[in-house]
Every structure is written in C-alpha cells, then in structure tokens.
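Each chain, letter by letter, is given below.
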Amino acid sequence: MKNLKIGTIASHSALNILSGAKAEGITSVLYCKADRESFYRQWNVADEIITLDSYAELFDLDTSEVIMIPHGSFVAYLPIDRLVKSDIKLFGSKKLLEWESDRKLKDQLMKTAKLPVPKEFDSWEDVDRPVIIKYYGAEGGKGYFVAQNRDEIKQKADFSRKFSIQEYIVGTKVYVTFFQSYLYERTELFGADIRYETDIDAKLRFTADPTFTIVGNIPVVLRESLLIPYQKMAENFVAAAESLLNERIPGPFCLESIIDRNLNIYVFEFSGRIVAGTNVMIPSSPYSYIFHGEHMWMGRRIAREIKQANERGLLEELIS
Ligand code: ATP
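Think of each chain on its own: its residues are numbered from 1, step by step along the sequence as written. Under the rules for a predicted model, residues below a pLDDT of 70 receive no local features and side-chain atom pairs below 80 are neither given nor counted, while totals for whole chains, interfaces and linings still include all residues. Values shown for side chains rest on all heavy atoms present in the structure; no hydrogens or waters enter the calculation.

Turning next to the environment of Ile132. Secondary structure follows DSSP: runs of H or I at least 4 residues long count as helices, runs of E at least 2 residues long count as strands, and numbering of each begins at the N terminus. Along the chain, Ile132 turns up in strand S7 (residues 131-135). Look at Ile132 and you get buried, because its relative accessible area is 9%. Sequence separation of Ile132 and Arg103 is 29 residues, and the distance between their C-alpha atoms is 15 Å. Not counting chain neighbours up to four residues away, the residues in contact with Ile132 comprise Tyr144, Phe145, Val146, Ser164, Ile165, Gln166, Glu167, Tyr168 and Phe212. Whether a residue is buried, partly exposed or exposed follows from its accessible area with a 1.4 Å probe, protein chains only, as a fraction of its type maximum: under 20%, in between, or over 50%, in that order. By definition, residues are in contact when any of their heavy atoms lie within 4.5 Å.

And the structure:
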C-alpha cells in the first residue's frame, strides 16, 4: 500500500498503538467521540483525528488506506458479525476475534491447543469444589460469582440465563502476551502483567460477593522456569488456531492464567488481540527489550511488522 495508515478507536490501548505508529514513521488516524477529542489531541500522537457520533459510523467511512488495530474496546463497540463482513482491514485474524467472542468456539480452540484449562462442570449438581459461575455474554466478568458448593449455586444463580461453571482457582492472575510474527516465523514472548480487580483483589474482604471489575494492570517478571511452559503453550495455541481457523493469526495475543501455590498454571481465557496489560510495557517490557535489543512496546511492534510487510509486498497476508 502506498499511503499506508494505522488506525484505531479512542480507548483501551489507543495511545500505545498510535505512539508505536509514530515511532515507526507510519501515519496514524484516530476515530474518536467528540467528548474525548481534546483529551487525545493533547498527546500529539495521532496524525489525524476523526470525530464520530457513534463508532458504527466507521462501517460507512472510506477506510481503504487504513490498517485498523483491534483492541478490547474496538471489539466491544463494533459488533463482530458486522466487522467480519465489512471492508475494514484489520491487522490480524477477524476469525480469531470471532472465535474469541463465542464461548463454545473459544473452549474448542483452548482444548485443541491442549491448554491446561480449569475443570468445567456440565451441571451444577456435579459440583464438588469451589467454582466460579460465568454468565454467557457477560463483559469484564460482570455478574460472575464464586460459590463454595452446590447450595450456594442454587441460591445465587439466575437459572434463566446460560452460564458455565468452572473450578475456582486460588492463585495469582498472570496475563502473558505474545506477538506472532510471520515475517520472522516466530512466537515472541512479549511481556506479562498481573490484573488488579476490585473487589476480589482488595485486601480487606468485607464483601460477601466480590466483583471482578478491572481497575488496572501491574507489570510482572515471572520466575524464569515458568517462561518455558508459557512459550510452549503459546506455540501450541498458534498451531491449533491455524489448523482450526485455516488461516494465520498475525500479531498480539494473550494467555490469561492463574498460577496456584504449587506453580500449576491454569489458562482460563485468551485474547486474540492487543490487551490493556501491554500498556505497562511502554517503552519496553524486560522481555521485549532483551528480545529486540531496543525499546519495543506492543504498538511499535505491530507498526514495525506492518511496515516491514508492506516493504516486502507481504502486507495482504497479515490483514483480514
Ligand atoms: P474480560 O472481558 O476482562 O476478558 P471476561 O468476561 O472474559 O472478562 P474472564 O476474563 O473469564 O471474564 O474472568 C474475569 C475474572 O474472573 C478474571 O480476571 C479472574 O479474576 C476471575 N476468574 C475467571 N476464571 C477464574 C477461575 N477459573 N478461577 C478463579 N478466578 C477466575
């Protein structure tokens, strides 16, 4: 593409993405609601800011020169079924985002990748340990609750809604982010963070029914021996996704896990896109710095892959 631009919408990890495009000398465009415009303008990282009344207007704009970078708010604001059918060019796999948004497909991919997932119970009557109840379609863990036993599920669950029942893992929530590069044929371990959620992470537990509302992310460096199983899991994840989706999955993805007291790792979720936890990795995470020998944050890594693919005439292979 001759007049290549990188675009995203004004939320989540937009500053990360835009500053990465700037560092790699790629023109950027930010799609923004009017009330956020002055906030984003003051950072001076977007070459162009286009204001919209609704993000759905993006479907009607000419974005043929723009490679969009999806992030958590991007997929929350733009319905995935419309996104898949639209002409919007995404860096990465739209199919992977589709699979991520469907709990059944997501489980299938995680099982095919042989990720160590927490035990799932088909029926509440089989529950024999503390569990977490996850309502389908809930965002950010809204309405999830922890139950010690069957009685508590019976008492608290809204049986008119669909939910999954998962073993509750006591441990540390570690989110490990990778970058899948097809230019270099490698799965780069990029960085790790811990998610801080209220009320579940509050030290004073006066609340009987704690919530899982994310407040922010904290950088973490893992015990080095733990990096090896995560790398293996990530490579298995890429292989499973490529075979099930029948396409490549370029770009960032995250394995969302809990490590228990015996150092067992349980992966309860994945994200097939940049995650907000990478915002703590600007200008680098320890791992991305060692890997690249220079400051490398996720927005920059994305922009660099796009730039190099464009120079080599391979960009079409990395977008969907
Ligand atoms: P998001 O939109 O943030 O990805 P979500 O709706 O997909 O959220 P999850 O990420 O699955 O929800 O879970 C939200 C939170 O619930 C996690 O961050 C974690 O604190 C907790 N959680 C999820 N599964 C488990 C589990 N098996 N054991 C213990 N805690 C869990």
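Back to the write-up after that little detour.
On the surface, Tyr196, Val215 and Ile218 cluster together into a nonpolar patch covering about 260 Å² of accessible area. With respect to the helices and strands, the residue Tyr196 is situated in strand S11 (residues 186-199). Judged by relative accessible area, which is 31%, Tyr196 ranks as partly exposed. For patches, a residue must show more than 30% relative accessible area and have no salt bridge; joins then use 9 Å for like charges and 5 Å for nonpolar side chains, namely Val, Leu, Ile, Met, Phe, Trp and Tyr. The Shrake-Rupley method, run with a 1.4 Å probe, gives the accessible areas here. Residue values count only the displayed protein chains as cover. A side-chain nitrogen of Lys or Arg and a carboxyl oxygen of Asp or Glu constitute a salt bridge if their distance falls within 4 Å.

Summary of the distance rule: residues count as near a molecule or strand when at least one heavy atom falls within 4 Å of that molecule or strand. As a matter of local geometry, the ligand sits amid 20 residues, with Lys134, Gln166, Ile169, Glu197 and Glu269 nearest to it. Pairs of N or O atoms are called polar contacts if they sit within 3.5 Å, as long as, within protein, a hydrogen donor faces a hydrogen acceptor (for residues adjacent in sequence, only side-chain-to-side-chain pairs). Within the side chain of Tyr144, a nitrogen or oxygen atom sits 3.1 Å from an oxygen atom of the ligand. Between the ligand and Glu269 there is a distance of 2.5 Å, counted from an oxygen atom to a side-chain nitrogen or oxygen. Protein chains shield 90% of the accessible area of the ligand, which is 620 Å² for the free molecule. For the shell around the ligand, the secondary structure elements donating two or more residues are S7, strand S9 (163-167), strand S10 (172-181), S11 and strand S14 (265-271). Class assignment of the residues belonging to the shell around the ligand gives a composition of ten nonpolar, three polar and seven charged. The residues that make up the shell around the ligand include at least three from each of domain 1 (5-116 + 170-318) and domain 2 (120-167). Under the scheme applied here, ten amino acids are nonpolar (Ala, Val, Leu, Ile, Met, Phe, Trp, Tyr, Cys and Pro), four are charged (Asp, Glu, Lys and Arg), and all others, including Gly, are polar. Each domain span listed reflects an automatic or database assignment of domains.

Here helix H10 (residues 298-311) spans 20 Å end to end across 14 residues, near enough to the 20 Å set by a 1.5 Å rise per residue. With respect to burial, H10 is a largely interior element, eleven of its 14 residues being buried. Those residues of H10 lying buried are Met298, Gly299, Arg300, Arg301, Ile302, Ala303, Arg304, Glu305, Ile306, Gln308 and Ala309. Positive backbone phi, approximately 75°, marks Gly313, located one or two places after H10. Expected helix span is given by 1.5 Å per residue-to-residue step, counting one fewer step than there are residues.

On to helix H8 (residues 224-245), then. The end-to-end C-alpha distance of H8, which contains 22 residues, comes to 32 Å, matching closely the 32 Å that a straight helix rising 1.5 Å per residue would cover. When we look at burial in H8, the residues that qualify are Leu226, Leu227, Tyr230, Gln231, Met233, Ala234, Phe237, Val238, Ala240, Ala241 and Leu245.

Our next topic: the domain arrangement of the protein chain. Domain annotation for the protein chain reports domain 1 (5-116 + 170-318) and domain 2 (120-167). Distance from the C-alpha centre of domain 1 to the C-alpha centre of domain 2: 28 Å. Listed as interface residues are six residues of domain 1 and, on the opposing side, 13 residues of domain 2. Joining two parts hides part of their accessible area as seen by a 1.4 Å probe, and the buried area is that hidden amount summed over both. For the pair domain 1 and domain 2, the summed buried surface comes to about 860 Å²; carbon and sulfur atoms form 46% of the total. The interface formed by domain 1 and domain 2 includes zero salt bridges. The interface formed by domain 1 and domain 2 contains one residue pair in polar contact (both at pLDDT 80 or more). Element by element, the count of residues in the side of domain 1 that touches domain 2 is highest for helix H6 (residues 103-112), at three residues. A class-by-class count of the residues in the side of domain 1 that touches domain 2 yields two nonpolar, no polar and four charged.

The subject of this paragraph is unusual backbone geometry. Of the consecutive residues Thr198 and Asp199, the connecting peptide bond is found in the cis state with omega at 10°. Among the secondary structure elements, Asp199 is positioned in strand S11. In this structure, Pro283 follows Ile282 across a cis peptide bond, with omega equal to 10°. One can find Pro283 in the loop between S14 and helix H9 (286-292). Despite not being glycine, Asn44 shows a phi value in the positive range, around 60°. Along the chain, the position of Asn44 falls in the loop between helix H2 (37-41) and strand S3 (48-52).

Turning our eyes to something else, we now look at the pattern of salt bridges. Two side chains that carry opposite charge are able to pair once their charged atoms sit near each other. Under the defined criterion, the tally for this structure stands at 20 salt bridges. Note that Arg300 and Glu24 form a salt bridge whose closest N and O atoms lie 2.7 Å from each other. Linking Arg300 in helix H10 with Glu24 in the loop between helix H1 (14-23) and strand S2 (27-33), this pair joins segments that are 276 residues apart in sequence. You can call Arg300 buried: its relative accessible area is 14%. One salt bridge connects Glu185 with Arg248, and the closest N-O pair in it is separated by 3.6 Å. One end of the pair, Glu185, is in the loop between S10 and S11; the other, Arg248, is in the loop between H8 and strand S13 (251-259), and 63 residues separate them in sequence.

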